Amino acid sequence: SLTTAKQKCAKLSENGSEQDENLTQRADDIEQKLDDAIEQVEGTLGQIGEAVGQWEAVERQKAEVAGWLAERAAHVAQLRARPAKLHDDAAQLEISQLEEMLAEIHEKEPGFAKLASRYARLSPDPESALPSSQVEPLREQWQSLVDDLEALLGERRQVLAESQEYHRCRAQVQQQVTE
């Protein structure tokens, strides 16, 4: 290893009185070169460790976003499986909750550009397709979630409108019957 070679060079330097002056000088030069090489290797290892830490952080962020999207998609699927509320107040409350969820999901959209930017900074090739290849599937999941939620919201609004029309017609019929 480099450390062992350095120690051997140091021993040669210590025994300089017994060795030729030229050999001692060469040993000193080699020792200096080994010190420089060790310092360079340690610096490179530090940079590699930092880069690995950054990659791990961006992969963690990507996994968190994917988990969040999957969680929201499952929630939307659960909401879709439930029957629509027919009572006006309950239906309006459900619609408000769906609108809030949609707003929350829309707030996440700028995060995709930030995530792609983090990938781009870590990529050694500025022209690399890595950022889009890593972020595009998440963006597609996000868009699918938005589309599903907007469709569900449209369905719930339609049911509310039909329910209100039913109640209006029913009230008219009752009024005519009682007259």
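Here the structure is a predicted model, which is why all the values come from computation and not from measurement.

Once that is clear, we can look at the overall build of the protein. Of regular secondary structure, the protein possesses five helices and zero strands. Sequence-ordered secondary structure for the protein, helices as α and strands as β, is α-α-α-α-α. Since a compact globule built from 179 residues should have a radius of gyration of about 16 Å, the 34 Å found for the protein marks it as more spread out than a globular shape. Based on the C-alpha atoms only, the size of the protein along its principal axes is roughly 130 × 30 × 20 Å. In the protein, which comprises 179 residues, the proportion classed as buried is 22%. Counted over contacts in the protein with a minimum sequence separation of 6, partners at least 24 positions apart contribute 79%. A total of about 12300 Å² of accessible surface is found on the protein, and carbon and sulfur atoms cover 52% of it. Distance between charge centroids for the protein: 5 Å, based on 20 positive and 35 negative side chains.

Now for the pattern of salt bridges. Between side chains of opposite charge, a pair can form when the charged atoms approach closely. On inspection of all chains with the given rule, the structure shows seven salt bridges. With its nearest N and O atoms 2.5 Å apart, the salt bridge here joins E99 to R157. Separated by 58 residues along the polypeptide, E99 in helix α3 (residues 88-107) and R157 in helix α5 (residues 130-178) bring together distant segments of the chain. Sharing partners across several salt bridges, the network here consists of E71, R72 and E104.

The rules we used
Residues numbered from 1 in each chain as written. Predicted model: local features only at pLDDT ≥ 70, side-chain atom pairs only at ≥ 80, totals over all residues. Heavy atoms only, no water. Helix = DSSP H or I, 4+ residues; strand = E, 2+ residues; numbered from the N terminus. Rg over C-alpha atoms; globule rule 2.2 N^0.38 Å. Buried < 20%, exposed > 50% of the residue type's maximum accessible area, 1.4 Å probe, protein only. Contact = heavy atoms within 4.5 Å. Areas by Shrake-Rupley, 256 points an atom, 1.4 Å probe, with all protein chains shown as cover. Lys, Arg positive; Asp, Glu negative; His and termini not counted. Charge placed at Lys NZ, Arg CZ, Asp CG, Glu CD. Salt bridge = Lys/Arg side-chain N within 4 Å of Asp/Glu carboxyl O.

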